[in-house]
Amino acid sequence: MQRIFALLILTTALFAHEPIKPIPKSVSYNRDLAKLGKLLFFDPILSRNNSVSCASCHNFSHGGADNSPVSIGVYGRKGHMNSPTVLNAVFNFAQFWNGRAKDLKEQALGPLHNSVEMDMEDSLIMQRLQNSTLYQPLFQKLFHTSAITIDQVAIAIAEYEKSLITPDCKFDRFLRGETKLTEKEYNGYILFKKLGCATCHNGVNIGGNSYQKIGIFYPYKGKALDDRYKITKDPKDRYVYKVPTLRNIALTAPYFHDGSVKDLRNAIKLMAIYNLGVKLNDKQVDLLESFLLTLTGKVPTQ
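Keep in mind it's a predicted model, so treat the numbers as computed, not measured.

J.: Before we go on, may I ask you to explain the overall build of the chain in this structure?
T.: The helix and strand tally for the chain stands at 12 helices and two strands. Ordering the α and β elements of the chain from the N terminus gives α-α-α-α-α-α-α-α-α-β-α-β-α-α. Whereas a compact globule of 302 residues would reach a radius of gyration of roughly 19 Å, the chain reaches 21 Å, a difference of no more than 12%. Taken over the C-alpha atoms alone, the chain extends approximately 60 × 55 × 30 Å along its principal axes. Per-residue burial for the chain yields a buried fraction of 48% across its 302 residues. A fraction of 68% describes how many contacts in the chain between residues 6 or more apart in sequence connect residues 24 or more apart. Within the structure as shown, the chain displays about 14,900 Å² of accessible surface, and the carbon and sulfur contribution to it stands at 56%. Each charge class in the chain can be summarised by its mean position, and for the 38 positive and 27 negative side chains these summaries are 4 Å apart.

Now the structure itself:
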């Protein structure tokens, strides 16, 4: 027992300085509230023509994102941003690509009200839920009132989203001293740090904790869609976005805010050019890809 304890202490000390931290195996949340939030998350009743749910654009089979460049909303309306993953979003310091929502509760209402996505107004949401024999008693039980509010809807969805974490990826287990990486995976991680990728992709969520411009060394060729400038009106914030998480990156293609990059290898090459000013050779891409593939955790079941 003493030997195991000593080993844990040594492992903790060895990796304490690493820029990436393991996801906790669990987080605290209200399970009854999350159950209600889960029902709402998967229910198209929250869209105008009853065709789109939160899960439509946040598919767990695709790492909590969408496998299309941009998501399709009600009546086949096409968005212009790639759907960010909902998995591990609880660890982000702000929500949406440009950080316009300060937390999951505020984020939950965005797609509901967006005319392209779910196109709902609060009165219609309340009317449908109030008339539902499924939802009315559930809200009554949890919020102790017969009057359902949009705030309660947001609270419930956010509580469910809080539970959507993906612990125990191979790299987390490596950091905890529970497994070893292959030589290729390990060298990929060393290269990841040496190139400076960890400058932006760090912390528990390996991103999601800062804003950064895409195109630091070479101008990004795509459009500046819904960037930080839209929030701040500061010209310096053109092409500035919240740094996306790299967790489960193998599952979340296509990549970039506009969904313009179809595969991971190409995304690695382009980001190295745009933000590191480096043209990678094939061996370097192989190493980085190998490391990134260790970041796929236990995806929640639907």
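J.: Would you explain the layout of surface pockets in this entry?
T.: Empty space among the atoms becomes apparent when a probe as large as a water molecule is rolled across them. In this structure, the largest pocket encloses a volume near 890 Å³. In this structure, the largest pocket is lined by 43 residues; those nearest its centre are His201, Pro244, Leu246, Phe256 and Met271. Counting only elements with at least two residues in the lining of the largest pocket, the list comes to strand S1 (211-213), strand S2 (240-242), helix H11 (264-276) and helix H12 (282-292). Ranked by residues supplied to the lining of the largest pocket, first place goes to H11 with seven residues. Here the residues of the lining of the largest pocket sort into 28 nonpolar, 12 polar and three charged. By volume, the second largest pocket is sized at about 650 Å³. Broken down by secondary-structure element, the contributors of at least two residues to the lining of the second largest pocket are helix H3 (54-57), helix H4 (104-113) and helix H7 (150-162). In terms of residue count, H4 provides more of the lining of the second largest pocket than any other element does, four residues in total. Looking at the lining of the second largest pocket, its residues break down into 16 nonpolar, 14 polar and seven charged.

J.: I'm lost on the environment of Leu142 in this one. Help?
T.: Looking at where Leu142 falls in the secondary structure, it is placed in helix H6 (residues 135-143). It is 22 Å that separates the C-alpha atoms of Leu142 and Pro44, two residues lying 98 residues apart in sequence. Those residues in contact with Leu142 that sit more than four places away from it in its chain are Asp32, Leu33 and Leu36.

J.: Honestly, the pattern of salt bridges in this entry has me stumped. Any pointers?
T.: If charged atoms from side chains of opposite charge come close, those side chains can pair. Summed over all chains, the structure comprises 17 salt bridges. The partner of Glu106 in a salt bridge is Lys102, and the shortest N-O contact between them spans 2.8 Å. Overall, Lys102 belongs to the exposed group, its relative accessible area being 60%. Here Arg176 makes a salt bridge to Asp168, at a shortest N to O gap of 2.4 Å. Each member of the pair, Arg176 together with Asp168, is buried. Via salt bridges that share partners, Lys25, Asp168, Arg176, Glu178 and Lys298 belong to a single interconnected network.

J.: Before we go on, may I ask you to explain the nonpolar core in this structure?
T.: Where a protein is soluble and globular, its nonpolar side chains tend to be buried together. Grouped together as the largest cluster of nonpolar side chains are 34 residues, with contacts concentrated most on Ile20, Phe171, Phe192, Phe256, Phe291 and Leu292. Those elements giving two or more residues to this core turn out to be helix H8 (170-175), helix H9 (183-195), H11 and H12. With sequence-adjacent residues up to four places away left out, Phe291 is seen in contact with Ile20, Phe171, Glu185, Gly188, Tyr189 and Phe192. Leu33, Leu46, Leu112 and Ile150 belong to the second-largest nonpolar core, a separate cluster that totals 23 residues.

J.: Quick question: what am I supposed to make of the packing of aromatic side chains here?
T.: What characterises a pair of aromatic rings is the spacing of the ring centres plus the angle enclosed by the ring planes. For the coordinates displayed, the defined rule picks out 17 aromatic pairs. Seen from their ring centres, Phe171 and Phe174 are 5.6 Å apart, and the 35° between their planes marks the pair as tilted. Within this pair, Phe171 and its partner Phe174 are both found in helix H8, separated by three residues, close to a single helical turn. Assessed through its relative accessible area of 0%, Phe171 is described here as buried. Looking at Phe174, the relative accessible area reads 9%, which means it is buried.

J.: What's the story with the packing of helix H2 (residues 31-41) against H6 in this structure? I'm lost.
T.: What describes two packed helices is the angle between their axes and the distance between those same axes. Running from amino to carboxyl end, H2 crosses H6 at an angle of 150°, the nearest separation of the two axes being 10 Å. Judged on the interaxial angle alone, H6 and H2 are roughly antiparallel. Both H2 and H6 take part in a crossing whose hand is left-handed. From H2, Asp32, Leu33, Leu36, Leu39 and Leu40 reach across to H6, where they touch Tyr135, Leu138, Phe139, Leu142 and Phe143. The residue makeup of the contact of H2 with H6, split by class, is nine nonpolar, no polar and one charged.

J.: Explain the environment of Ile150 to me, please; I cannot follow it from the model alone.
T.: Tracing the sequence through the fold places Ile150 in helix H7. For Ile150, the contacting residues outside a window of four places in its chain are Leu109, Leu112, Asp122, Ile125 and Met126.

J.: Just to check I follow, could you spell out the environment of Asp286 for this structure?
T.: Relative to the helices and strands, Asp286 resides in helix H12. With 98 residues separating them in the primary sequence, Asp286 and Gly188 have C-alpha atoms 7.9 Å apart. Dropping the residues within four chain positions of it, Asp286 is found in contact with Lys184 and Arg265.

Rules of the game
- Sequence positions are assigned chain by chain, starting from 1 and proceeding in written order.
- Given that the model is predicted, a residue must reach a pLDDT of at least 70 before its local features are reported, and side-chain atom pairs must reach 80 or more before they are shown or counted; all residues, however, enter totals for whole chains, interfaces and linings.
- Hydrogens are left out, water is left out, and the side-chain values use all remaining heavy atoms of the structure.
- The numbering of helices and of strands both runs from the N terminus, where a helix is a DSSP run of H or I of at least 4 residues and a strand a run of E of at least 2.
- Each radius of gyration is computed over the set of C-alpha atoms, and the globule rule expresses the reference value as 2.2 Å times the number of residues to the power 0.38.
- Burial here depends on accessible area, computed with a 1.4 Å probe over protein chains only, as a share of the maximum for the residue type. Under 20% is buried, over 50% is exposed, and the range in between is partly exposed.
- Contacts were defined at the residue level, with two residues in contact if any of their heavy atoms lie within 4.5 Å.
- For every accessible area listed, the method is Shrake-Rupley and the probe measures 1.4 Å; residues are considered covered only by the protein chains on display.
- Counted charges follow a simple rule, with Lys and Arg positive, Asp and Glu negative, and His plus the chain ends left uncounted.
- For charged residues, the charge sits on one atom: NZ in Lys, CZ in Arg, CG in Asp, CD in Glu.
- Put plainly, a pocket is an open set of points on a 1 Å grid over the protein atoms alone with protein on both sides within 12 Å along at least five of seven lines, a cavity is a set where a 1.4 Å probe fits but cannot get out, and a lining residue has an atom within 4 Å of a point.
- Grid points are joined across faces, edges and corners, and a volume is the space filled by probe spheres set on the points.
- Gly is put with the polar residues, along with every residue not named as nonpolar or charged; the nonpolar set is Ala, Val, Leu, Ile, Met, Phe, Trp, Tyr, Cys and Pro, and the charged set is Asp, Glu, Lys and Arg.
- A carboxyl oxygen of Asp or Glu within 4 Å of a side-chain nitrogen of Lys or Arg is what we treat as a salt bridge.
- The nonpolar core is taken to be a set of buried Ala, Val, Leu, Ile, Met, Phe, Trp, Tyr and Cys residues, with the residues joined through side-chain atoms within 4.5 Å.
- Any Phe, Tyr or Trp ring, taking Trp's six-membered ring, that has another such ring centre within 6.5 Å forms a pair; planes under 30 degrees apart are called stacked, those over 60 apart edge-to-face, and the others tilted.
- Between N-to-C directions, angles span 0 to 180 degrees; the directions come from axes that are lines fitted to C-alpha atoms, helices contributing only their stretch in contact.
- Here the angle decides the label: under 35 degrees means roughly parallel, over 145 means roughly antiparallel, 65 to 115 means roughly perpendicular, and every other value means oblique.
- Two helices cross in a left-handed way if the nearer one is turned anticlockwise from the farther one by less than a right angle. They cross in a right-handed way if the turn is clockwise.

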